[in-house]
Every structure is written in structure tokens, then in C-alpha cells.
Amino acid sequence: MDYKKIYKDCYLIRAFEKMVEKKFELGKMRGTTHGCIGQEINAVLVMENINKDTDYVTGTHRCHGQVLAYTHNPYKLACEMMGRADGFNCGMGGSQHIKTEKYITNGVTGGMAAVGTGMALSLKKRDDKGIVISFLGDGGFQEGYVYETFNIASSMSLPIVYVLENNHYAMSTPTSSYSSGTFENKVKALNIAYFQALSTDVDSLNDAISSAVAYTRNNRCPSFVHIDTFRLCGHSKSDDMAYIPENEKNDNIRNDPMLVLEKKINDDAFIEKIKDEINCSIEKAFDDADECKQIGITEYKNIISK
């Protein structure tokens, strides 16, 4: 694994998310947003293991890292979130509703797992050799239609990889307070291949993702990757994380996957250079987005009808 490339991609996401927080404080953005600080490595390693020419990806409401790992285009994402014309969807989708190439997401909790499964069914019917990768969270896992989706995917042998980012909190509620049993037992009960890794163990995480992708690609049936992870930011922009114990917060900070990567790279000069370059590029992306025009519904309809 190219640790330097992985680190660069992760830092792009983190710098972007930090700037999003700043822009909300300055009143440059409207609505809400859901950051993925601390979880960047998950999306980066998933995108490292897909074939963008053939594979489809569905995301979650916490999608900025997924979009950046897929596109490496902070300007278009900044435009989308600021309601500007150069955004992925002309600024009409905002923070949670984004479609670009073979990636799509919306804000429905767990909803894209069902959408992704429908896409996998389409691939099977067309005898298409691509697969679908579908992200979901531990909160979304509990939705009834998600269980139904898993059952359909298994019973119909659909080519989809479900990627669970288990950050152990559904908004502010600990997973242990509302979820009985284990994710592993629930998934295996439906005869879905199960893989698990910690986001802090980047090598094992990459192995788990690559194994799941290879399993689904070769066997044309579903697999499930359970990533134990954590976020170093609130559920959304107005969340101060008061529900997380201080010792847990401190442990998470010490185990930050970015620090794990820095130790593996062991090159302070490279790390500082990457940080400086990316910080400048993110600053420019948002400044340029601020200068981009906004468009109305009528103009948007004209664009998408062409």
C-alpha cells in the first residue's frame, strides 16, 4: 500500500471538512452538514479498491469524504455545498444529495443501501461485470428496509459490497443502547460473507475491503465489511459531542488513523509539505467557489434537459 498517497487523500478530506466548519461559522453555508473527520481512511481505502470504469458506489448523508475520495475535486464539492453552478449538481443537491459519474447519495438514513441493491439487481439482469459498493452507518443498519435489502441481496445473489462505518453513535445515542446482538451475527444469519477491521489498523482494513470486493466480484454475491471507526467531530455542525465521555474522546484522538499513517510514513518534511499544499488548494477551492454564480430552478431544468 502506498501510505503517502493514502495520507494525501485522507488529508484532502480532513482539510476540506475543517474548512466547511469554518465557512458555517462565517455564515457562508446554509442548512446543515455532517463531517467525517476521523473516518477519512474508510472512504479512501474503499475507492482504492474499486474499478471506476465498471463499479457503482452509493453513499450516505455523511458523504464528503466519499465524494472527495472518488473525485479528488474539492472545488466542485465546495460549489455544490455553497449552492453554486459549478457544483456536481449545479448547487441544487447541497451537502447530502450528490450524483457524479457512478457515485450517488442522498440524505435518507440507510436509504442508499436499498438503492444500491436495486442497482446490483440491474447489473445482474444485464450480465454486467461491475459491482456496487454501498456505504451505510450503524444507525442506518437498524432500519427495517435495510434488513429487507440484505435479505433480497442474499436470496437473489446480487453483486454488492455493503460497507458499514460503525462509529458507535447514532447521532448522540450509543449503539450499545439500542442495538441488540451483533452486526456479525445478523449479517451471517442472512448468508452474507462478513469481513471486519479497525480503521486504526490501516493494513488490515485494506485487506478486509480488498477481500470483500474480490469475493463479490468473483462470486457475484453480496459481502459485508464492518469497519469499527470513530468520528472526531460532531454528528452535524451544531453537535458539541457532549454525550461522548472525555476519556473516549482522548483515546480517539490518540488513535487517529492520520497519526497511524504519519508513523508509517516517518517523513516529517513530506507530511508538512503535503499539509501546506493541500491547505492552500482547499483555501483556493472555497475562494473560487465563493465567486461562482448561483442559478435558479428554471436554468437548472434547462441544463439537465440537454
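Residues numbered from 1 in each chain as written. Predicted model: local features only at pLDDT ≥ 70, side-chain atom pairs only at ≥ 80, totals over all residues. Heavy atoms only, no water.

Asker: Outline the overall build of the protein, listing residues and values.
Answerer: Regarding its fold elements, the protein presents 13 helices and 9 strands. Against the 2.2 N^0.38 benchmark of 19 Å for 306 residues, the protein shows a C-alpha radius of gyration of 19 Å, consistent with a compact globule. Across its three principal axes, the protein shows a C-alpha extent of roughly 50 × 50 × 35 Å. Contacts in the protein between residues far apart in sequence, at least 24 positions, make up 74% of those at least 6 positions apart. Looking at the protein, you have 35 positive and 41 negative side-chain charges, and the mean spots of the two groups are 6 Å apart. (Helix = DSSP H or I, 4+ residues; strand = E, 2+ residues; numbered from the N terminus. Rg over C-alpha atoms; globule rule 2.2 N^0.38 Å. Contact = heavy atoms within 4.5 Å. Lys, Arg positive; Asp, Glu negative; His and termini not counted. Charge placed at Lys NZ, Arg CZ, Asp CG, Glu CD.)

Asker: An account of the sheet that holds strand β2 (residues 98-100) is needed here, citing residue identities and associated values.
Answerer: Taken together, 7 strands build an open sheet; the order of strands is β2-β3-β1-β4-β5-β9-β8 and the sheet is mixed. Two strands bound the open sheet, and with one partner strand each, they are β2 and β8 (193-198). Mean inter-strand twist for the sheet, computed between neighbouring axes without regard to direction, equals 15 degrees. Note that strand β1 (residues 56-58) and strand β3 (residues 103-105) share 2 bridges and pair parallel. The residue bridging Thr58 from the neighbouring strand is Ile104, located in β3. Here helix α2 (residues 40-48) sits on the sheet in contact with β1, β4 (132-137), β5 (160-166) and β9 (223-228), set at roughly 170 degrees to β4. (Pairing = 2+ DSSP bridges. Axes fitted to C-alpha atoms, helices over the stretch in contact; angles between N-to-C directions.)

Asker: Account for the pairing of β4, naming residues and giving values.
Answerer: Within β4, 5 of the 6 residues are buried, which leaves the element mostly enclosed by the surrounding structure. Between the parallel elements β4 and β5, the chain passes through helix α6 (residues 144-155) in a crossover that is right-handed. (Buried < 20%, exposed > 50% of the residue type's maximum accessible area, 1.4 Å probe, protein only. Right-handed = clockwise from strand over helix to strand, strands pointing away.)

Asker: Tell me what's going on with the packing of α2 against helix α3 (residues 64-71), and back it up with residues and numbers.
Answerer: Look at α2 against α3: their axes get within 8 Å of each other, and the N-to-C directions meet at 35 degrees. Considering how the two elements wind past one another, α2 and α3 form a crossing that is right-handed. Every residue of α3 that contacts α2 at Ala43, Val44 and Met47 is listed here: Gly65, Gln66, Ala69 and Tyr70. Here the contact of α2 with α3 is composed, by residue class, of 5 nonpolar, 2 polar and no charged. (Left-handed = near helix turned anticlockwise from the far one by under 90°. Nonpolar A, V, L, I, M, F, W, Y, C, P; charged D, E, K, R; others polar.)

Asker: Go over the side chain of Asn89, please, and point to the residues and values.
Answerer: Mapped onto the fold, Asn89 is located in the loop between α4 (74-81) and β2. A relative accessible area of 15% places Asn89 in the buried class. With sequence-adjacent residues up to four places away left out, Asn89 is seen in contact with Glu80, His97, Ile98, Lys99 and Tyr300.

Asker: Residue-level account of the environment of Cys280, with values.
Answerer: Counting through the fold element by element, Cys280 comes out in helix α12 (residues 268-291). In the structure, Cys280 is positioned 150 residues away from Gly130 in sequence and 37 Å away in space, judged by C-alpha atoms.

Asker: Describe the pattern of salt bridges, listing the residues and the values that go with them.
Answerer: All chains considered together, the criterion is met by 20 salt bridges. A salt bridge links Glu48 to Lys5; its shortest N-O distance comes to 2.6 Å. Within this pair, whereas Glu48 is found in helix α2, its partner Lys5 is found in helix α1 (residues 3-25), the two being separated by 43 residues in sequence. With relative accessibility at 37%, the residue Glu48 sits in the partly exposed group. Residues Arg14 and Glu40 are paired through a salt bridge, measuring 2.7 Å at the closest nitrogen-oxygen approach. You can see Arg14 sitting in helix α1 and its partner Glu40 sitting in helix α2, a full 26 residues away along the chain. For the pair Arg14 and Glu40, one class covers both residues: buried. Each of the salt bridges in this network shares a partner with another, and the network as a whole consists of Lys5, Asp9 and Glu48. (Salt bridge = Lys/Arg side-chain N within 4 Å of Asp/Glu carboxyl O.)

Asker: Residues and numbers for helix α9 (residues 202-219), please.
Answerer: In this model α9 runs 25 Å from its N-terminal to its C-terminal C-alpha over 18 residues, within 8% of the 26 Å that 1.5 Å per residue would give. Taken together, the buried positions of α9 are Val202, Leu205, Asn206, Ala208, Ile209, Ala212, Val213 and Thr216. Each buried residue of α9 sits inside an arc of 160 degrees when the element is viewed along its axis, so together they form one side. Close packing links the buried residues of α9 with α1, α2, β5, β8, β9 and α11 (257-265). (Expected span 1.5 Å × (residues − 1). Arc of directions from axis to C-beta.)

Asker: So what's going on with α6? Which residues, and what values?
Answerer: Between its terminal C-alpha atoms α6 stretches 17 Å, which fits the 16 Å expected from 12 residues at 1.5 Å a residue. For α6, every residue scored as buried is listed here: Val146, Thr149, Phe150, Ala153 and Ser154. Viewed end-on, α6 has its buried residues packed into an arc of 125 degrees, placing them on one side of the element. Pointing more than 90 degrees away from the buried face of α6 are the exposed residues Glu148 and Ser155. The positive-phi residue at the C-terminal boundary of α6 is Ser157, with phi of around 50 degrees.

Asker: Quick one: what's the story with the environment of Pro174, residue by residue and with numbers?
Answerer: In this fold, Pro174 is placed in strand β7 (residues 173-174). Sequence separation between Pro174 and Asn219 is 45 residues, and the spatial gap between their C-alpha atoms is 35 Å. With residues up to four places along the chain from it excluded, the contact list for Pro174 reads His168 and Tyr169.

Everything listed here is a matter of coordinates, which is why it stays silent on function.
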